[in-house]
Amino acid sequence: MMSGIDREEQRKKHARFGGFIALSAVVAVTVLLRPGYQWVSLTVGVCGAIAVAASGDLPGPYRERGKKRARVGGFIGCGTIIISGLFQPDWQWVPFAVGVPVVAAVVTSGDLRGGGRRGHGRGSGLSRGGRDDDGPAGAAHRWRMLAMVSRLMPGPGGRRWLAEAESLLSEIAPAGRGAAIRSYLLSAPRLVVMMWAREARRRARPGPRRPG
Amino acid sequence: MALRLTVQVQLVVQALLRDPAREIYGLELSEETGLQPGTAYPILLRLEHEGWVASRWEDIDPRAEKRPARRYYRLTAGGAVQAGAALAAARRPNGMALRRLAGESCTA
């Protein structure tokens, strides 16, 4: 039987696939049939494809879905404004003046939670204490973050890191789980560098390769 | 690259040296050392790369046990000797510190 998270993942996958097909169709049709509007298709297509691709990995419990859609829409809209401004030399400053701050706001708003500003008040993301009160959706969100980070590591190293984190988090007391996850996420950048440095040394070594 | 014996590394090595033959897993280690699991993991990985520590996955059926397998760590024979020596060296005051102390006592 499928769990709620699996169903959610599947819906997301279908949405991503649908978005990709729709955007590809828009781009292809405009490029082929309306040569004068190639820049529109190019802009919408590129921004849309990036947004769709990126949104696939965005952490997303149910209540975050609307926010995520708004972000994707905002990204496409602002990207279109900015790039289209490049084609109107007299008005280039407008899209830059408006678009860049809006894009920055839209991108950073992805990390806002519970109405607090990042790093202030209740805190957010890694700065917030605990976060064990947000139920299964929160747990899924945290798990996705760890999974996302593990993908930045070389394959076997990332899988081992994630498996070990999963093992440990399943046994740790709920009160300490938030802090443990934060410690995993905070130490991850150093670990990514360390693992890739080791991987590079391993690959540079002459002779038969051994699995990492 | 030589292993830098920071305070955290020393804590992990001390915990492993308490009983070198004992296998220890991440949560146990973080409880003994007071380090967060995310802090202890890179240290264990570095110790493993240096050959001081060996690790293995626990051989269990996760469904039967209703928990994922643990990763167990233990000191290797060579690692125990090296770790003991490194820890002793880290505790010994270095030459520069002794000279500074000597200088301070002369001026006083």
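Residues numbered from 1 in each chain as written. Chains lettered and ligands numbered in written order. Predicted model: local features only at pLDDT ≥ 70, side-chain atom pairs only at ≥ 80, totals over all residues.

### What to know about the confidence of the model for chain B
Stated formally: Confidence of the predictor at the level of single residues is given by pLDDT, which spans 0 to 100.
For chain B, the mean per-residue pLDDT works out to 86, and 87% of the residues sit at or above 70. Scored as a whole, the predicted complex attains pTM 0.55, and scored at its interfaces, ipTM 0.81.

### Let's talk about the sheet that holds strand 1 (residues 24-25) of chain B
Residue and element names in this part refer to chain B. Worth spelling out the cut-off: Pairing between strands requires that DSSP locate at least two bridges from one strand to the other. Helix numbering and strand numbering both begin at the N terminus, where a helix is a DSSP run of H or I of at least 4 residues and a strand a DSSP run of E of at least 2.
Here 3 strands make up an open sheet; going across it, the order is 1-3-2 and the pairing antiparallel. Edge positions in the open sheet fall to strand 1 and strand 2 (53-57), since each of these has one partner strand only. When strand 1 meets strand 3 (residues 71-75), the two strands line up antiparallel, connected through 2 bridges. What sits directly across from tyrosine 25, in strand 3, is tyrosine 72.

### Some words on helix 6 (residues 155-171) of chain A
Note the threshold: To estimate the expected span of a helix, subtract one from its residue number and multiply by 1.5 Å. Partly exposed residues are those whose C-beta has more than 12 but fewer than 20 other C-beta atoms within 10 Å; with 20 or more the residue is buried, with 12 or fewer it is exposed, and the C-beta atoms are placed from the backbone.
The terminal C-alpha atoms of helix 6 of chain A lie 25 Å apart, and with 17 residues this matches the ideal 24 Å at 1.5 Å per residue to within 8%. For helix 6 of chain A, every residue scored as buried is listed here: A:Trp161, A:Glu164, A:Ala165, A:Ser167, A:Leu168 and A:Leu169.

### Things to note about unusual backbone geometry
Positive phi, close to 60°, is recorded for B:Lys66, a residue that is not glycine. Tracing the backbone through its elements, the reader meets B:Lys66 in the loop between helix 4 (62-65) and strand 3.

### What about the nonpolar core?
Residue and element names in this part refer to chain B. Threshold: For the purposes of this analysis, a nonpolar core is taken to be any set of buried Ala, Val, Leu, Ile, Met, Phe, Trp, Tyr and Cys residues that are connected through C-beta atoms within 7 Å. By definition, residues are in contact whenever their C-beta atoms, placed on the basis of the backbone, come within 7 Å of each other.
Residues Val12, Leu16, Ala40, Ile43, Leu44 and Val53 are the most contacted members of the largest nonpolar core, which totals 18 residues. Listed by contribution, the elements that provide at least two residues to this core are helix 1 (7-18), helix 3 (37-49) and strand 3. The element contributing the most residues to this core is helix 3, with 6 residues. With residues near it in sequence (within four places) discarded, isoleucine 43 still touches Gln8, Val9 and Val12.

### Thoughts on the pairing of strand 3 of chain B
On any regular strand, side chains alternate: one points to one face of the sheet, the next to the other face. Two elements, strand 2 of chain B and strand 3 of chain B, share 5 bridges in a ladder whose sense is antiparallel. By the bridge assignment for strand 3 of chain B, B:Ala54 is matched with B:Arg74.

### Description of the environment of A:Arg182
Relative to the helices and strands, A:Arg182 resides in helix 7 (residues 174-204). When the C-alpha positions of A:Arg182 and A:Arg142 are compared, they lie 9.3 Å apart, and in sequence the two are 40 residues distant.

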